[in-house]
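Here are the chains, one letter per residue:
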Amino acid sequence: MNGRVRVRVRVQGVVQGVGFRPFVHSLATRLGLAGHVGNDLHGVFIEVEGTEEAVELFVASLRPQAPPLAVVEDVAAVPVEPLGDTGFHIVASSSAGHREALVSADSATCDDCLRELSDPGDRRFGYPFVNCTNCGPRFTIVRDVPYDRPLTTMAGFAMCAACAAEYGDTADRRFHAQPVCCRACGPTLALLDASGAPRGGDPVEEAAAVLARGEVLAVKGLGGYHLAVDATDEDAALALRKRKLREDKPFAVMVATVDHARELVTLDDTEAELLTSRRRPIVLLRLRSGTGPIAPAVAPGNPRLGLMLPYTPLHHLLLRRCATPIVLTSGNVSDEPIAHQDDDALRRLSGIADAFLTHDRPIHVRTDDSVVRAFRGRPMLVRRSRGYAPEPLAVPWEFPRPVLACGAELKNTFSVAKQRHVFVSHHIGDLENYETLKSFTSGVEHFRKLFDVRPAIVAHDLHPEYLSTKYARELTGVELTGVQHHHAHIASCLADNTETGPVIGVAFDGLGYGTDGTLWGGEFLVAGLADFERAAHLAPVPMPGGAAAIRQPWRMAVSHLIACGELAEDEVLRRNPSWPEVAQLVEHGLNSPLTSSAGRLFDAVAAILGVRDMVSYEGQAAIELEQLADRHEPGAYRTGDPRGGAIPATDLVRAAVHDVRAGVRPPVVSARFHNGLARLVTEACERIRLSTGLHAVALSGGVFQNMLLLERTVARLESRGFRTLTHSRVPANDGGISFGQAVVAGARDRLR
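As a starting point, this report considers the structure included with it. Residue numbers restart at each chain and count upward from 1, following the sequence in its written direction. Restriction of local features to residues with pLDDT of at least 70 applies here, the model being predicted, together with a cutoff of 80 or more for giving and counting side-chain atom pairs; totals for whole chains, interfaces and linings are based on all residues. Computation of side-chain values: all heavy atoms of the structure, hydrogens and water removed.

Quick look at the packing of helix α20 (residues 666–692) against helix α21 (residues 707–719)
Item 1. Direction vectors running N to C along α20 and α21 enclose 40°, while the axes themselves pass 9 Å from each other. Accordingly, the angle class assigned to the pair α20 and α21 is oblique. α20 and α21 meet at a crossing whose hand is right-handed. Residues His 674, Asn 675, Leu 677, Ala 678, Arg 679, Val 681, Thr 682 and Cys 685 of α20 touch α21, and the partners they reach there are Leu 708, Leu 709, Arg 712, Thr 713, Arg 716 and Leu 717.
Item 2. When residue character is reported, Ala, Val, Leu, Ile, Met, Phe, Trp, Tyr, Cys and Pro are called nonpolar, Asp, Glu, Lys and Arg charged, and the others, Gly included, polar. For the contact of α20 with α21, a count of residues per class yields seven nonpolar, four polar and three charged. To define axes, lines are fitted to C-alpha atoms, for helices over the stretch in contact only, and angles between the resulting N-to-C directions are given on a 0 to 180 degree scale. By the criteria applied, helices consist of DSSP H or I runs no shorter than four residues and strands consist of E runs no shorter than two, each listed in order from the N terminus. Each angle gets one of four labels, with under 35 degrees taken as roughly parallel, over 145 as roughly antiparallel, 65 to 115 as roughly perpendicular, and the rest as oblique. Two helices crossing with the near one rotated counterclockwise from the far one by less than a right angle form a left-handed crossing, whereas a clockwise rotation gives a right-handed crossing. Every residue pair with non-hydrogen atoms within 4.5 Å of one another is taken to be in contact.

As structure tokens, this is what we get:
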């Protein structure tokens with residue numbers, strides 16, 4: 001047909017809800033091509049017709065010129081017979097077939113929308129729900145795919161004529177933007193008192209006044225409610241702690257701009273990029289010395305501050321009216337999931353918040369803020385949730401059959417996997433109450449529906465009492481595979497770095513159920529994706545009182561002091577009246593399960609140094625021990641030779657005790673302990689290298705979120721010629737366990 005050619009193109013990846021169809025329409029029109037584009041359950045389908053040169057340029061441009069929120073994973077083009085079309089059109093979406101389309105994460109307000117928000121001449125001036133194809137809510141409003149307005153929580157807001165005109169205008173930034181709206185047709189904002197009754201006046205102005213009076217404000221965000229106070233008001237921060245039952249754990253703080261952030265914290269290029277990214281996570285940053293404005297109760301005794309920038313128009317409007325940074329913490333009572341439904345938020349938060357800044361756009365999926373820090377120029381996720389989920393993690397290996405991985409008990413995530421994608425869920429939390437379990441089960445069903453995954457294999461932790469394990473074992477018609485906790489950690493690190501192993505895997509954490517039925521936590525594995533061997537471990541010590549020892553680090557001090565023969569009556573160490581009774585538990589083996597846990601080792605040293613006898617949140621003693629350490633101290637404690645693979649970590653405790661008795665300053669003792677543990681890891685890896693020939697080491701588990709330990713360990717390993725693998729795409733803590741379980745299940749399935 002006069003030299004014309006036609007191709008059928010399939011584009012896969014995160015290409016729905018990100019302005020991809022408008023981009024395709026604009027590109028094809030600019031090149032003079034005819035045809036159509038549409039969404040279906042696989043992604044985006046396209047047919048274009050025109051000159052051979054224009055068609056080739058079109059296909060070649062799809063990946064590099066894609067919209068900012070798009071993640072193009074594959075472009076496949078096949079020639080078809082020319083039809084003689086004229087014009088290029090966006091056609092109706094198709095819902096036939098199996099779902100393969102990927103769903104975009106929620107994205108921070110773009111610069112174009114911010115300009116409209118600030119322009120008195122724009123019809124969306126000051127409108128708190130401005131969005132376009134390049135920003136705004138996505139995952140938290142999606143009920144089903146394909147991503148079209150009727151399948152989102154915007155379905156109840158019919159577009160006005162002006163918005164419909166923008167939606168249908170191929171030259172407009174809101175062309176086929178599903179959440180498009182304005183004051184005439186979109187969600188509305190309201191300020192309510194603690195009983196749910198409306199307050200008068202401008203909601204944002206009045207909300208800012210609530211904060212200025214030192215009161216607690218509940219704010220409805222993208223994935224749920226937050227609780228806010230003036231971050232410079234000590235009394236307000238203390239009141240929030242008391243009401244929220246959050247004794248010590250630091251609060252996150254939101255500031256208006258990156259320049260405001262620089263007034264409070266130091267920022268390197270990687271940290272600044274993370275802070276300003278479209279994902280807008282909480283970034284853990286070092287406070288500037290002498291920083292005065294932030295109230296001490298916001299992050300008690302902590303040299304770091306979790307900081308974030310506004311990521312919704314409402315946040316921008318509120319911060320513009322507040323003269324100070326604000327605390328913005330999860331809208332819940334400690335240990336409960338974040339509130340995301342309006343009635344539930346009023347019921348659960350009315351005893352905490354003095355007022356509610358809310359709106360009538362429903363949130364379909366509760367999603368906490370993500371938390372991240374930088375390590376060696378890369379992001380290191382601490383919590384992967386809003387802004388990241390549910391975008392998949394691509395792996396280079398095929399899953400022969402679909403997998404559901406149920407994750408761990410603490411910091412739970414679940415994962416579903418098929419083909420070469422693992423969809424790691426948003427942060428669920430600790431599966432220790434009914435509300436969180438309900439969030440877990442409903443989340444699994446939503447992901448299965450959203451990504452059309454009917455799992456043939458279900459992976460779970462070995463611990464029989466984990467609620468995630470019990471959930472897995474109650475499923476029918478599936479093949480179950482148990483994955484040891486620390487193997488899942490190392491597999492997660494391998495897959496995070498798209499490697500298969502085998503490697504020397506060092507998994508240090510609080511606790512995990514071992515294959516021998518004991519509590520592991522200081523593990524050296526020789527591991528690949530499918531299997532592992534336990535090559536060495538920290539020598540086990542009793543954990544007096546079981547779970548009570550997690551909440552009371554002094555109990556682990558007693559245990560380690562007995563193990564190294566240092567529990568003397570003339571002890572100069574921190575004491576507790578119940579030490580003799582706890583010592584009896586240890587010596588008689590009563591209610592004192594053995595554990596090799598590195599996390600409990602940190603607890604013991606923290607208690608010995610007088611840092612922390614009791615904790616109010618997980619890892620508190622270890623975190624404060626790290627913060628105490630003198631970064632300039634080069635000394636390192638030593639350990640003796642291992643016996644039968646058991647490394648005597650109590651030697652580190654003995655050395656610390658001797659230094660304490662000698663009057664050595666606690667910051668120096670802490671540093672020598674950290675350096676000694678890094679030395680212990682390196683020496684153990686050298687012994688394993690001699691017997692296996694392996695030169696790569698994967699570091700995983702929550703203990704390796706300790707930046708001092710991680711930095712010293714990586715430096716020592718690299719100085720000995722090891723190649724080190726650390727986490728970036730998923731957390732090193734238990735939030736990455738489901739990812740590890742999924743890739744283990746897939747690897748085992750490939751060996752069948």
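Now that the structure has been shown, we can carry on.
Overview of the environment of Tyr 388
Item 1. Inspection of the secondary structure puts Tyr 388 in the loop between β15 (378–383) and β16 (393–405).
Item 2. Once the C-alpha coordinates of Tyr 388 and Leu 314 are considered, the two residues, 74 residues apart in sequence, prove to be 21 Å apart.
Item 3. Excluding its chain neighbours within four sequence positions, the residues that come into contact with Tyr 388 are Ala 105, Leu 274, Arg 279, Pro 281, Ser 370 and Leu 381.

Focus on the pattern of salt bridges
Item 1. Each reported salt bridge corresponds to a side-chain nitrogen of Lys or Arg within 4 Å of a carboxyl oxygen of Asp or Glu. Scanning all chains against the criterion turns up 50 salt bridges.
Item 2. Measuring nitrogen to oxygen at the nearest pair gives 3.1 Å for the salt bridge that ties Arg 243 to Asp 354. With a gap of 111 residues between them, Arg 243 in helix α6 (residues 234–244) and Asp 354 in the loop between α10 (342–349) and β13 (355–359) connect regions that are remote in the sequence.
Item 3. Among the residues examined, Arg 243 registers a relative accessible area of 32% and is labelled partly exposed.
Item 4. Each of Arg 4, Arg 6, Arg 8, Glu 47, Glu 49 and Asp 85 takes part in a single network of salt bridges with overlapping partners. Note on classification: 1.4 Å probe, protein chains only; a residue is buried when its accessible area is under 20% of the maximum for its type, exposed when over 50%, partly exposed between these limits.

Some words on the sheet that holds strand β17 (residues 415–424)
Item 1. Note on pairing: DSSP must find at least two bridges between two strands before they are called paired. Taken together, the four strands give an open sheet; going across it, the order is β17-β16-β18-β19, and neighbouring strands pair in mixed fashion. Of all the strands in the sheet, just β17 and β19 (479–483) have a single pairing partner and so form its edges. Pairwise comparison of adjacent strand axes, ignoring direction, gives a mean angle of 60° for this sheet.
Item 2. Relative to strand β18 (residues 457–461), β16 is paired through three bridges, and the arrangement is parallel. Bridging from a neighbouring strand, Leu 404 pairs with Val 458 of β18.

With respect to the nonpolar core
Item 1. Buried Ala, Val, Leu, Ile, Met, Phe, Trp, Tyr and Cys residues that are joined via side-chain atoms within 4.5 Å together make up what is termed a nonpolar core. Residues Phe 20, Ile 46, Leu 62, Leu 217 and Leu 318 are the most contacted members of the largest nonpolar core, which totals 99 residues.
Item 2. With residues up to four places along the chain from it excluded, the contact list for Leu 217 reads Leu 191, Ala 207, Val 210, Leu 211, His 226, Leu 227, Ala 228, Leu 318, Ala 355, Phe 356 and Leu 357.
Item 3. Grouped together as the second largest cluster of nonpolar side chains are 57 residues, Met 380, Leu 561, Leu 601 and Val 653 included.

Focus on the packing of aromatic side chains
Item 1. Pairing of aromatic rings covers Phe, Tyr and Trp, the last counted by its six-membered ring, and requires centre-to-centre distances within 6.5 Å; plane angles under 30 degrees mean stacked, over 60 mean edge-to-face, and any other angle means tilted. As enumerated under the stated definition, the model contains 13 aromatic pairs in all.
Item 2. When the ring of Tyr 127 is compared with that of Phe 129, the centres are 5.5 Å apart and the planes differ by 65°; the resulting orientation is edge-to-face. Neither Tyr 127 nor Phe 129 differs from the other in exposure class; each is buried.
Item 3. Geometrically, a lysine NZ or arginine CZ counts as sitting over a ring once it is within 6 Å of the ring centre and also within 35 degrees of the ring normal. The ring of Trp 520 has Arg 534 sitting right over it, with the charged end atom 3.9 Å from the ring centre.
Item 4. Positioned over the ring face of Phe 722 is Arg 689, at 3.8 Å from the centre of the ring.

Nothing here speaks to function; it is all geometry.
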